[in-house]
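# Descriptive structure summary
Below, each chain spelled out in residue letters.
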Amino acid sequence: MTTPLDTISLVGLRVHAHHGVFDFERENGQTFIIDVTVHLDAHPAAAGDDLASTVHYGELAERVVAAVTTDPVDLIETVAERVASVALEWAAVLRVDVAVHKPDAPIDAEFADVVVRITRARESGS
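Criteria and thresholds
- Residues numbered from 1 in each chain as written.
- Predicted model: local features only at pLDDT ≥ 70, side-chain atom pairs only at ≥ 80, totals over all residues.
- Heavy atoms only, no water.
- Helix = DSSP H or I, 4+ residues; strand = E, 2+ residues; numbered from the N terminus.
- Buried < 20%, exposed > 50% of the residue type's maximum accessible area, 1.4 Å probe, protein only.
- UniProt positions renumbered as here; feature names shortened; annotations may be inferred.
- Phe/Tyr/Trp six-rings, centres within 6.5 Å; stacked < 30°, edge-to-face > 60°.
- Lys NZ or Arg CZ within 6 Å of the ring centre and 35° of its normal.
- Expected span 1.5 Å × (residues − 1).
- Arc of directions from axis to C-beta.
- Salt bridge = Lys/Arg side-chain N within 4 Å of Asp/Glu carboxyl O.
- Core = buried A, V, L, I, M, F, W, Y, C linked by side-chain atoms within 4.5 Å.
- Contact = heavy atoms within 4.5 Å.
- Pairing = 2+ DSSP bridges.
- Axes fitted to C-alpha atoms, helices over the stretch in contact; angles between N-to-C directions.

Right, let's get into the environment of Leu 40. Within the secondary structure, Leu 40 sits in strand E2 (residues 30–40). In this structure Leu 40 comes out as buried when scored by relative accessible area, which is 0%. In this structure the C-alpha to C-alpha distance between Leu 40 and Val 55, which are 15 residues apart in sequence, comes to 8.8 Å.

Here is the structure:
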């Protein structure tokens, strides 16, 4: 029998941070919107009504915000990798999908959003 992949998602987590290639992005900062979906087997947590067997989404949100707001970098790809690493710290997480939205990206054209999406999985034996 295969392990079910249940999910817990944080959608639209708004974070003000100072990432970007340009000096004004680093100085002024801007809003980044983060979506995180962790894939796990929720059955053990549900069977035992045990928070320790799942992902505490409040703690996940706090850690994601901390990861996004510290140490400015040039690329939102780097931010996405940080967020994925944070989510994979939970033993229950088998895979994570991350989207980092940069709706105020410095583009000289009308647009709705810029998004980098990544998927990362726990390495075998972890």
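According to UniProt, the positions carrying the feature "domain: Dihydroneopterin aldolase/epimerase" (unreviewed entry) are residues 8–120. For residues 8–120, the helix share is 33%, the strand share is 30%, and the end-to-end C-alpha distance is 15 Å.

Taken as a whole and assessed by the stated rule, the structure comprises one aromatic pair. Ring centres 5.6 Å apart and planes at 5° place the aromatic pair Phe 22 and Phe 24 in the stacked group. With a relative accessible area of 42%, Phe 22 lands in the partly exposed category. The exposure class of Phe 24 is partly exposed, given its relative accessible area of 46%. The side chain of Arg 63 reaches across the aromatic face of Trp 90, ending 4.3 Å from its centre.

Turning our attention to helix H4 (residues 76–87). Its 12 residues give H4 an end-to-end C-alpha distance of 17 Å, which sits within 8% of 16 Å, the value for a rise of 1.5 Å per residue. Those residues of H4 that fall on the buried side of the exposure criterion are Ile 76, Val 79, Ala 80, Val 83, Ala 84, Val 86 and Ala 87. All buried residues of H4 project into a common sector of 160° when viewed along the axis, lining one side.

Looking now at the pattern of salt bridges. Tallied over the entire structure, the rule returns five salt bridges. For Lys 102, the salt bridge goes to Glu 25, with nearest N and O atoms at 2.7 Å. With Lys 102 in the loop between strand E3 (95–101) and strand E4 (115–121) and Glu 25 in helix H1 (residues 23–28), this residue pair connects regions lying 77 residues apart in the sequence. An identical accessibility class is assigned to Lys 102 and Glu 25; each is buried. One salt-bridge network, in which partners are shared between bridges, spans Glu 59, Arg 63 and Glu 89.

Residues Ile 34, Val 36, Val 38, Leu 60 and Val 64 are the most contacted members of the largest nonpolar core, which totals 32 residues. The set of elements that each furnish at least two residues to this core consists of strand E1 (6–17), E2, helix H3 (57–69), H4, E3 and E4. Those residues in contact with Val 36 that lie beyond four places of it in its chain are Ile 8, Ser 9, Leu 10, Leu 60, Val 64, Val 83, Ala 87, Val 96 and Asp 97.

Attention now goes to the sheet that holds E4. Two pairing modes exist for strands in a sheet, parallel and antiparallel, and in both the strands are linked by backbone hydrogen bonds. On the basis of which strands lie adjacent, the open sheet formed by four strands has the order E1-E2-E3-E4 and antiparallel pairing. Edge positions in the sheet fall to E1 and E4, since each of these pairs with one other strand and no more. Looking at each pair of strands side by side, their axes are set apart by 15° on average, direction ignored. The pairing of E3 with E4 spans seven bridges and is antiparallel.

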